[in-house]
2 protein chains.
Amino acid sequence: MAVDTFTTYLTEKTAYIEDRLISALEQEGVPSALYESMKYSLMAGGKRLRPMLVLAVLEALDKPIERGVPFAVALEMIHTYSLIHDDLPAMDDDDLRRGKPTNHKVFGEATAILAGDALLTRAFSLIAESYMGRTDVPAATTVKLIAELGRRAGARGMVGGQMADIEGEMKRLELPQLEFIHEHKTGDLLIAALRGGGYLAEASEKQMEMLTRYGYCIGLAFQIQDDILNVEGDAAELGKAVGSDAQRQKATYPSILGLEQSKERLAALIAEAKAALADAGLEHSALGPLADYVRDRKK
Amino acid sequence: MAVDTFTTYLTEKTAYIEDRLISALEQEGVPSALYESMKYSLMAGGKRLRPMLVLAVLEALDKPIERGVPFAVALEMIHTYSLIHDDLPAMDDDDLRRGKPTNHKVFGEATAILAGDALLTRAFSLIAESYMGRTDVPAATTVKLIAELGRRAGARGMVGGQMADIEGEMKRLELPQLEFIHEHKTGDLLIAALRGGGYLAEASEKQMEMLTRYGYCIGLAFQIQDDILNVEGDAAELGKAVGSDAQRQKATYPSILGLEQSKERLAALIAEAKAALADAGLEHSALGPLADYVRDRKK
């Protein structure tokens, strides 16, 4: 896929996903402040990488992308809730996210906590409700999607990664601890996206294994690029301050490995991700350019 | 069921449930502070009413109670997470719960938020994982359980009720608004317990309807008794202060209806709950004494 074509692809898919995000939020019977708070963060932009990966797996395996929509939307809801909670004063205490005031700055802390809880809960009910009774997605597949998502998003996955991140703050972390944090805080939800897409697209066991590998690599790569952008990125483009990691004395790839070696590790991970794709026979899909995009992104 | 027999029943079932709660928490791969925080609140006692209702429905319909265990445990996890988050400084700011320091008092706010998030997530993955591949619980039933639980626990259910409660604080609420809060904040999760039990026990449509009615009534009754205990209960037995509602000028049944009329409403709801049971042909099960227990409890 040429770079232009891929840029168009990203734009189209983002619009497609955002359309579906908004309609998946329940409004009737929901207190309006709660609904507004959920909507504010869900529709606050972002790369929509997780939903994009679900749809890309379906495409790669010649299945209709529509089949992936409820799962894709659920993933974005979980990602969004995690950002709302991470930004809270008791956690990272961030005032800005993607250039906009964070949820609790707009709606207050109590509503932000509840909006996060409600998005997390909605993710699971959305999957269960949307696939119920569908002939193209057997109930056993729906159960697998929920088990996968729950496991990757929970105490052994994303939440565990966030906990390790908080515990590690201001400590002198070594690389293995830093990789543990990133594997779980970021990687696990990307892996859930890929494996969930795989279940929906009836991927082979070998393909599931390679999709998992690809997810692990781009998850870690994503985080390394995040750390690099925090050193040499553009604050305006990023929508957040740069240099904050160094200021907080936070352990990062550049702080442990240096900038050059971090870039080498990033390149190696993307190469490994692409090798996994090739092993799965999926190297000609959008998953290839998506891996490059994780490396080359400026925000 | 005689009162003694029912007391023995409660004690036995509580022990049965608590055994299963602890083993449902994942420990491997979970940061230890996160695990300890989740365990602390999950094992901090409580009436275990929601799990009890699931098991009672299975018994009432002559099905093995073991079939209800994962769903019952998931409900208690969701109830527990909601207490952890409700107690946070940004919410009700409570220092004590069941006579013990609240989660954030012991583990700090960040860990308490994450422990709540992880318990909520675990509830869904537990249901999906535990029923996967079982012949007595078809995958389609598992999907229904998750849809029911997600709906009742989310923005239109428990979280919505908590939001309305926060918005209503210090306002002069009328009875319909107070009932909205209680229906959702407390009632919805009890209804989920009963309906989930119904799905697992293959209840008839009529029985599902009556179980829902029963749940609505005991949910409201539960809350009225809570309000009454806050006026005339025993602080030592309750494990929390009495008179706090009046002090906070919180709208309650006694503050709106007076104590006597509140007690009448409570009695009428329990009578209605029992009538629903009789309509479903389930009046000889433990669900009858459980309704009385909601009315007569001292803590």
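Our structure's up above, just so we're on the same page.
Counting from 1, residues in each chain are numbered in the order their sequence is written. Chains carry letters and ligands carry numbers; both start at the beginning, A for chains and 1 for ligands, and go up in the order they are written. Restriction of local features to residues with pLDDT of at least 70 applies here, the model being predicted, together with a cutoff of 80 or more for giving and counting side-chain atom pairs; totals for whole chains, interfaces and linings are based on all residues.

Asks: Please explain the interface of chain B and chain A as it appears in this structure.
Replies: Note: interface size is frequently given as the accessible area lost on complex formation between the parts. The contact rule is simple: place each C-beta atom from the backbone, and if two of them lie within 7 Å, those residues are in contact. On the side of chain A, 46 residues touch chain B, which itself brings 46 residues to the contact. Helix and strand assignments come from DSSP, with helices taken as H or I runs of at least 4 residues and strands as E runs of at least 2, each series counted from the N terminus. Elements supplying a minimum of two residues to the side of chain B that touches chain A: helix H2 (32-42), helix H6 (109-131), helix H7 (139-153) and helix H8 (158-168) of chain B. In terms of residue class, the side of chain B that touches chain A is made up of 28 nonpolar, 10 polar and 8 charged. Nonpolar residues are Ala, Val, Leu, Ile, Met, Phe, Trp, Tyr, Cys and Pro. Charged residues are Asp, Glu, Lys and Arg, and all others, Gly as well, are polar.

Asks: Looking at this model, I keep getting lost on the relation of the copies chain B and chain A. Mind explaining?
Replies: Superposing the two chain copies requires a rotation about an axis and a translation along that axis. Superposing the copies works by least squares over the C-alpha atoms of residues that have pLDDT at least 70 in both of them. When chain B is fitted to chain A, the residual RMSD is 0.0 Å, and the transformation amounts to a turn of 180° plus an axial shift of 0.0 Å. Here the copies are linked by what is in effect a two-fold axis. In terms of C-alpha distance to the rotation axis, chain B has Ala139 of chain B as its closest residue, with the C-alpha 2.6 Å off the axis. In this assembly, 100% of the residues forming the interface of chain B have copies in chain A that are likewise at the interface, indicating an isologous arrangement.

Asks: Before we go on, may I ask you to explain the packing of helix H1 (residues 3-24) of chain A against helix H4 (residues 69-87) of chain A in this structure?
Replies: The description of two packed helices rests on the angle between their axes and on the distance between the axes. Residue and element names in this part refer to chain A. Whenever a helix is involved, its axis is fitted only over the stretch in contact; in every case the axis is a line through C-alpha atoms, and angles between N-to-C directions fall within 0 to 180 degrees. At a closest axis distance of 10 Å, the pairing of H1 and H4 adopts a crossing angle of 80°. By the angle class used here, H1 and H4 are roughly perpendicular. Counted together, Ile17, Arg20, Leu21 and Ala24 of H1 and Val69, Ala72, Val73 and Glu76 of H4 form the full contact between these two elements. Considering only residue class, the contact of H1 with H4 consists of 6 nonpolar, no polar and 2 charged. Each angle is binned into one of four classes, with values under 35 degrees roughly parallel, values over 145 roughly antiparallel, values of 65 to 115 roughly perpendicular, and all other values oblique.

Asks: Which parts of the structure should I look at to understand H7 of chain B?
Replies: Residues spaced three or four apart along an α-helix point in a common direction, a consequence of the helix completing one turn every 3.6 residues. A rise of 1.5 Å per residue sets the reference length of H7 of chain B, with its 15 residues, at 21 Å; its end C-alpha atoms lie 21 Å apart and thus fit the reference within 8%. Buried residues dominate H7 of chain B, accounting for 13 of its 15 residues. To estimate the expected span of a helix, subtract one from its residue number and multiply by 1.5 Å. Neighbour density around each residue's C-beta defines its exposure: 20 or more other C-beta atoms within 10 Å make it buried, 12 or fewer make it exposed, and counts between make it partly exposed, where C-beta atoms are placed from the backbone.

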